[in-house]
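Remarks on the overall topology
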Amino acid sequence: MLDADIAKCFDRINHQFLLNKLKTFPAMRRQVKTWLKAGVLDGKKLFPSNDGTPQGGVISPLLANVALHGLENHLKNWITGKKITGGTGIKLSKSLKMSSLGVIRYADDFVVIHRDLEIIKEAKEETQKWLKQVGLEIKPEKTRLCHSLNIHESEKPGFNFLGFNIRQYKTGKHHANKNPKGEIKPYTLHIKPTKEAIDSHYKKLAEIVDKHKAAPQKALIAKLNPIIRGWSNYYRYSVCSDIYSKIDHLLWYKLKKWADKRHPNKPWKFKKPKYWKTKGGNNWLFSDGVVELIKHKKNYDETDKKVRKKGCKNQGTKFIKVQGPRSPFDGDTVYWSSRLGKHPNMPTSKSKLLKHQKGKCSYCGLYFKDGDVMETDHITPRKAGGNSSYKNLQLLHRHCHDKKTATDFKLIAEYQRQKELTKRIKTMLNKFDKQFLQGQWVWVDDIPVWIGTNDKSHVSEERYEVKVSRTVLKTSGSGD
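Residues numbered from 1 in each chain as written. Predicted model: local features only at pLDDT ≥ 70, side-chain atom pairs only at ≥ 80, totals over all residues. Heavy atoms only, no water.

A separate point is the packing of helix α2 (residues 15-22) against helix α4 (residues 60-68). For the pair α2 and α4, the least separation of the axes is 9 Å and the interaxial angle reads 85°. As summarised for this structure, α2 and α4 are arranged roughly perpendicular, according to the angle between their axes. Contacts between α2 and α4 pair F17, L18, K21 and L22 from the former with L63, V66, A67 and L68 from the latter. The residue inventory of the contact of α2 with α4, partitioned by class, reads 7 nonpolar, no polar and 1 charged. (Axes fitted to C-alpha atoms, helices over the stretch in contact; angles between N-to-C directions. Helix = DSSP H or I, 4+ residues; strand = E, 2+ residues; numbered from the N terminus. Parallel < 35°, antiparallel > 145°, perpendicular 65-115°, else oblique. Contact = heavy atoms within 4.5 Å. Nonpolar A, V, L, I, M, F, W, Y, C, P; charged D, E, K, R; others polar.)

Here it is as C-alpha cells:
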C-alpha cells in the first residue's frame, strides 16, 4: 500500500482550478473567491494570497477536499487499462480491476491499496501527474510503501490515518477469521487509536487536572467530561476497550494525586468518601454527589436516548461502511438520516425513528428511498389506549400506513368493547359494594352470611328473628 502525504497542500492549491471545480451559483463562487484572495495582514503590510487556502481555517479542509476530488475516479479509470490477472491466471474484467484498487483520501492524506506492488508504484507516478494540474506534489518524507501484515523494506506493517492505526495481525487456526467463502484467513484486521493520539489525549486530561488544583470538584468534572465523551465517540468503532481501561486507570492515579495535594495532612479514609462515591457496583466513582465523572466507553450516542433500545449501551455500535460514492452533501436525506439520526432537512423525530429502524419500513420491511412519502404511525392507536411517546411510534410508507390503519379499526373496536365491559363491571361492583356496606351480616361457622339491610323499620321484630333463625338452620345443614 501507498501511504502518502501532499506537500504544503493548503498553501499551494491553484485558485482557478478550485473555483472551476466548485460548480456553484455565482454568489457562492464570489464569496469563496473573496476568502481565497483575502491575503494576510501583518502589522501595516498586506501580503496577497495568490495560491492556497488559509491553513487552520474552518473551511480549509472542505476546500482541499473539493480541489482533490476526482483523484479516486482518475486512478480507478487508469487501472482499467492495465493488464491484471487473478490468482488463476485469468484476466480480470474492468469492474474487478476497479474493485481491486482501493483509494482512501481526506484533505491532504490519502492511501492507495492493491495486492500487486508494481501497481502501487505505478499508481504513485500517476498520482504525481494528476496533482501537477492542481499545483501540488507528493511529499517524499511522509510517503512510504508498506505492507499491511509483513515488514517491507524495513517499514513497519500497517499505516496511520486520521488518528487510527490500521494493520493486520497473524492469528492461529483457532482464532482465525473466515472469508465469505468459508475459507480460513490466517490474519485479522485491527483498527486502533495511534500511540500519538493516546498520549496527546491523556496529556490534555492531565493538564486540565493540574490547572484545577484549587477549583471545586464540580468545575473539574465539567471540564473533563466533554473531552472524554468526544474522544470516546471518535474512536468507538475501533479496537479500543483495553485502551479505554488504561486511560481510566491512569486518570484515576492523576485524580488521586489531585486529592492528595488538596489535603496533604488528611488520611485516605477522609479523602476517599469525600471525592469518590459508590454507585451500583462501582465503588470509585469520582463525584461530589451531584455530578459525576464519566468513564471512557464505546458509545455516548445522544440521538438514540429516547428511542427504543436493544441491548446494553456499553456494547458500542458496529460500524457500517458508507455506500459507494455517497456524500452528506448529495441531497439523500433518507440515507443520511437513517445513518446519523439527524439531518437539517429532516424533522428530528423522523430522523431518530429512521436510525432506529435502520432505514426500513416497519410494515413491509423494505428500505425507504429518497422521494418516498413517510408517515409517522402509532403502533398502538391512541383510540386503543396508545400514547405519543417514541416507544409507540414508527415510520411507514404512506400506502403501508393505509393498510395498517385498516387493521387498526378492529383493534380499536375490541378496545372499546373491553372498555365498555370494564365500565359495566365496575358499575356492578360499585353497586354491590354499596349494598354490602348497607347490609347486615352474621358469622356462621366462619362464613359471613347476609341477612338483610341495616334498615329494619318495615320489618317486625318477630319476623326478623324468624328470618335469622331460618338462615342459621339453612347454613348449618340440618334441613329440618
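Strands belonging to one sheet form pairs held by backbone hydrogen bonds; the direction of such a pair is parallel or antiparallel. Spatial strand order, β7-β8-β11: 3 strands in an open sheet with antiparallel pairing. In this open sheet, the two strands that pair with only one neighbour each are β7 (159-161) and β11 (187-193). Shown here is a sheet whose adjacent strand axes are inclined to one another by a mean of 30°, direction ignored. Bridging between strand β8 (residues 164-170) and β11 involves 7 bridges; their strand directions are antiparallel. Opposite F164, over in β11, you have P193 as the bridge partner. (Pairing = 2+ DSSP bridges.)

Both strand β1 (residues 2-5) and strand β5 (residues 109-113) contribute to a ladder of 4 bridges, which runs antiparallel. Counted as the bridge partner of D5 is D109 from β5. Here strand β4 (residues 102-106) pairs with β5 via 5 bridges, running antiparallel. In the sheet register, G102 faces β5, and the bridge partner there is I113. The antiparallel hairpin formed by β4 and β5 contains 2 residues in its connecting segment, where A107 sits at a positive phi of about 55°.

Low pLDDT marks regions whose predicted coordinates should not be analysed in detail. Residues of the chain with pLDDT of at least 70 account for 88%, and the chain-wide mean is 82. Predicted confidence is poor over residues 302-316, with pLDDT under 50, and the contacts of this stretch with residues over four places away or in other chains come to 24 contacts. In the model, residues 456-469 has pLDDT below 50 throughout and makes 6 contacts with residues more than four positions away in sequence or in other chains. (pLDDT = per-residue confidence, 0-100.)

Of note in the backbone geometry, L162 takes a positive phi value of approximately 55° without being a glycine. Its location among the elements puts L162 in the loop between β7 and β8. Although it is not a glycine, K358 adopts a positive phi angle of roughly 60°. With a relative accessible area of 65%, K358 lands in the exposed category. (Buried < 20%, exposed > 50% of the residue type's maximum accessible area, 1.4 Å probe, protein only.)

Right, let's talk about the nonpolar core for a bit. Within the largest apolar cluster, 36 residues are counted, with the highest numbers of intra-cluster contacts made by V112 and L136. Mapped by element, the contributors of at least two residues to this core are β1, α1 (9-12), α2, α3 (26-36), α4, α5 (71-79), β5 and α7 (117-132). In contact with L136, not counting residues within four places along its chain, are I6, A7, K8, C9, R12, I13, L68 and L131. Listed in part, the 32 residues of the second largest apolar core include F159, I227, I228 and Y244. (Core = buried A, V, L, I, M, F, W, Y, C linked by side-chain atoms within 4.5 Å.)

In this section: the pairing of strand β15 (residues 393-397). With respect to burial, β15 is a largely interior element, 5 of its 5 residues being buried. Of the two faces of β15, the one carrying L393, L395 and H397 and the one carrying Q394 and L396 are both buried. The sheet contact formed by strand β14 (residues 374-378) and β15 spans 5 bridges and is antiparallel. If you follow H378 over to β15, its bridge partner there is L393.

Let us look at the side chain of S287. Residue position: S287 is located in the loop between β13 (282-286) and α12 (333-340). On the basis of relative accessibility, which here comes to 4%, the residue S287 falls in the buried class. Non-local contacts of S287, meaning those with residues more than four positions away in its chain, are made with Q217, I221, K274, Y275, W276, K277 and E292.

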